Amino acid sequence: MSSQSIGVLALGLVMGSPAAAQDQVPIGRSVYEHYCSPCHASGPGHPGTQALDALYNGDPSGVLELRHDLTPELITTTVRQGRSVMPSFRKTEIDDAQLQAVAIYLTEHK
Amino acid sequence: MTIPKRMSSGDFNKALERFRVAVGDAWVLTADDDLQSYRDPYSPVWDEPEETKVSAVVAPASVEQVQQVVAVANEYKIPLYAVSTGKNLGYGTTSPNYSASVIVDLKRMNRIIEVDDRRNFCIVEPGVSYFDLYNYLVEKQLRLMIDLPSNGMGGPLGNSLDHGNGYSAAPYRDHFGGHCGMEVVLANGEVIRTGMGALPGSKTWGEYKYGYGPSVDGLFAQGNFGIVTKMGFWLMPMPDFFLSAQVGVPRYRDVIPMVDELNYLEDLGLMAYARIQSPMEIPRVLSRAPDPELVALMAQPGGGEPDSYESYANKQNLDFWTATMNFYGPETTVRANWEYARKRFARIDGARFREVESATFPLSAEAIQKSRQQVSIGVPNLSAFALGARSKFTEPTDGHLWFSPVIPRSGEALIEAHRVFGEAFKELGMPSRIGPYSGPRTWFYRAFMFVLDFQCSRSDTEANQRVRKAFRYLIEVGAKHGWAEYRTAPMFQDDVANSYSFNNHALRRFTERLKDAADPNGIFSPGRGGIWPKSIREARQ
């Protein structure tokens, strides 16, 4: 393949405007897969899942996407402030609209 | 509100207004909640007076916006601290050297400018993470492999500027050594390009790094001479085949011939990164309860003596040392190199050999999932964060600091470092983080580094104080033996820079003369790399 010159590569997602929660789900899933899954997916090599499995012993699940007890407040606070070895994530990484979409994805519309 | 030192609140508010004009209201952050996420989550001074504060954050999206931000800061003499992806965990993250600095967060500058898989290079902006670049290569089906650090959230630009490193072949895993040309905004607002980038219409920015005349690129790494807005990197072509293979040797001092052979193989280009470990080192990430006898051995003051470990290894039929090597290339060549390596190591009585894992490229999803060495096959991940995460056998920590001295690439030096640092831990009266089982890293391929982790806490101030005391003592002990750190968190950068003191700190005096000329108002990252601008040089510790 030849040289790839690109003007703009939209690595981030478009900042969301108020929209129906259902519309936020694909955005939330995409942000989750990019920023959260590398630590919180199922299977070995995912320290976030390992830590939550050790904490809860499987009840609830250590995999965030299998949880039914998460609240938007817990998600947003943890993302912005971090916990244990999980660092905080800044607005330049996950903006408020994207974070809200992640919260909707994890709490309402998986 | 935190205000930069020597500045009135009125002037700071005026400057913030100008920043807003430059980057837009949404990208100048001053609220406490927003600034909270710029604290170093792995800080060893959390909530103590030494923890540096952030006065505001400005997040430009283009080099022109960076220029405008720098112009305002230069006019008002505001200290700036630039971060790229902001995930330099264990080395300070987004926390500045100089308290009340304004953070210039470059994460929004996330363009991949150019990738070429015939000439094997890329040019990227600061906000591009390793995950981003990898996803781009996969999506475009480009036949390249990225050399990765353990943390996929980092990015090529920021990681290389802090002299980060990876796990593949020699030219690539020294990330700054593998860079090729950069674009930098200077304190006067001018943009320069180095190497071939300085040639208008250049076709070789990503290929020939020297351009013409003095090379100034090094000033912008672990320094504070400008804000780097683009960098080129050489990339490894995607190989056909990867093999991870291991040699094990039975005795402590076998590490001497083992290292000699590793040096020979790597310096001839027959083998890439080798990880030297002892099977007796209890991993920091535990998958099962460790043997109590081994725990007791490791709990000896200073890490204990080699003889006791040799007896244990002999009793348990363990190797004393293993070296796990990476081989890349056509499978026939890789296997021939591995066969040749086995012949070389066979001179060590009792040497044992095993193949650990292999993969063919392009990688299948199954191969990626199966691999336990994803960083070695160019797949970014976060598995290293298991260090310090809660497990069935360990309580969670709040992050870590890395103590990383550079030592000679020989078995004799390794043995001496065990003794010297072991004694230092004895003197400190704390559990040793090193012992006769401790292996070095071979990241920079012509030197060893030890990478000892110290755990930090966001709730136990006394534990953090003990860590800082030990860390500074080890820096001092290392320097007395001709070893010093290659990289460290901001709060220890003066300590480490003080170690490099040849001829009454002539190097630092020189770089500070350059600093005063290039950045007369001292706006760029005061204290970064131990370099302080003349106006606040008294802040040096």
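Because the structure is predicted, anything quoted here is derived from the model rather than measured.

A word on the overall build of chain A
- Each helix and strand counted, chain A has four helices and one strand in total.
- Starting at the N terminus and walking to the C terminus, you meet the elements of chain A as β-α-α-α-α.
- Counting only residues that meet the buried cut, chain A has 40% of its 110 residues in that class.
- Considering only residue pairs separated by 6 or more positions, chain A has 60% of its internal contacts joining residues 24 or more positions apart.

With respect to the sheet that holds strand β15 (residues 352-360) of chain B
All names here are of chain B.
- Taken in spatial order, the four strands make up an open sheet running β13-β14-β12-β15, and their pairing is antiparallel. If you trace the sheet from one side to the other, it starts and ends with β13 (274-277) and β15, each paired once. Averaged over neighbouring strand pairs, the angle between their axes works out to 15° when direction is ignored.
- As paired elements, strand β12 (residues 241-249) and β15 share eight bridges and run antiparallel to each other. Bridge pairing in β15 places Ala 245 opposite Glu 355.
- In the packing of helix α7 (residues 255-267) onto the sheet, the strands contacted are β12, β13 and β14 (321-329), and the crossing angle to β14 comes to about 10°.

As for the interface of chain A and chain B
- Contacts between chain A and chain B engage 31 residues on the former and 43 residues on the latter.
- At the level of elements, β1 (4-5), α1 (21-40), α2 (47-56) and α3 (72-81) of chain A are the ones that each hand at least two residues to the side of chain A that touches chain B.
- Broken down by element, the residue count for the side of chain A that touches chain B peaks at five residues, all from α2(A).

Things to note about the pairing of strand β2 (residues 54-58) of chain B
All names here are of chain B.
- Counted residue by residue, β2 has five buried out of five residues, so it is predominantly covered.
- Relative to β2, strand β1 (residues 28-29) is paired through two bridges, and the arrangement is antiparallel. Across the sheet, the residue bridging to Leu 29 is Val 57, located in β2.
- Relative to strand β4 (residues 101-105), β2 runs parallel, the two being bridged by four bridges. Residue pairing in the sheet places Val 54 in a bridge with Ser 101 of β4.

So, the domain arrangement of chain B
Residues and elements named next belong to chain B.
- For chain B, the domain assignment lists domain 1 (9-105), domain 2 (112-237), domain 3 (241-485) and domain 4 (490-539).
- Contact residues are listed per partner, giving 15 residues for domain 1 and eleven residues for domain 4.
- Those elements giving two or more residues to the side of domain 1 that touches domain 4 turn out to be α3 (63-76) and β3 (80-83).
- Looking at the side of domain 1 that touches domain 4, the element that brings in the most residues is β3, giving three residues.
- Residue classes in the side of domain 1 that touches domain 4 are distributed as nine nonpolar, four polar and two charged.

Remarks on α1(A)
Residue and element names in this part refer to chain A.
- With 20 residues, α1 extends only 23 Å from end C-alpha to end C-alpha; this falls clearly short of the ideal 28 Å at 1.5 Å per step.
- At Glu 33, α1 shows its largest kink, close to 50°.
- Among all positions of α1, only Gln 24, Ile 27, Gly 28, Val 31, Tyr 32, Tyr 35, Cys 36, Pro 38, Cys 39 and His 40 are buried.
- Where the residues of α1 are buried, they touch α2 and α4 (96-107).

Details of the environment of Leu474(B)
All names here are of chain B.
- Locating Leu 474 in the fold gives a position in helix α13 (residues 461-480).
- Exposure remark for Leu 474: the 25 C-beta atoms within 10 Å place this residue in the buried category.
- Separated by 404 residues in sequence, Leu 474 and Val 70 place their C-alpha atoms 38 Å apart.

What counts and how
- Residues numbered from 1 in each chain as written.
- Chains lettered and ligands numbered in written order.
- Predicted model: local features only at pLDDT ≥ 70, side-chain atom pairs only at ≥ 80, totals over all residues.
- Helix = DSSP H or I, 4+ residues; strand = E, 2+ residues; numbered from the N terminus.
- Buried ≥ 20, exposed ≤ 12 C-beta atoms within 10 Å, placed from the backbone.
- Contact = placed C-beta atoms within 7 Å.
- Pairing = 2+ DSSP bridges.
- Axes fitted to C-alpha atoms, helices over the stretch in contact; angles between N-to-C directions.
- Domains from an automatic or database assignment.
- Nonpolar A, V, L, I, M, F, W, Y, C, P; charged D, E, K, R; others polar.
- Expected span 1.5 Å × (residues − 1).
- Bend = angle between axes of the 7 residues up to and from the residue.

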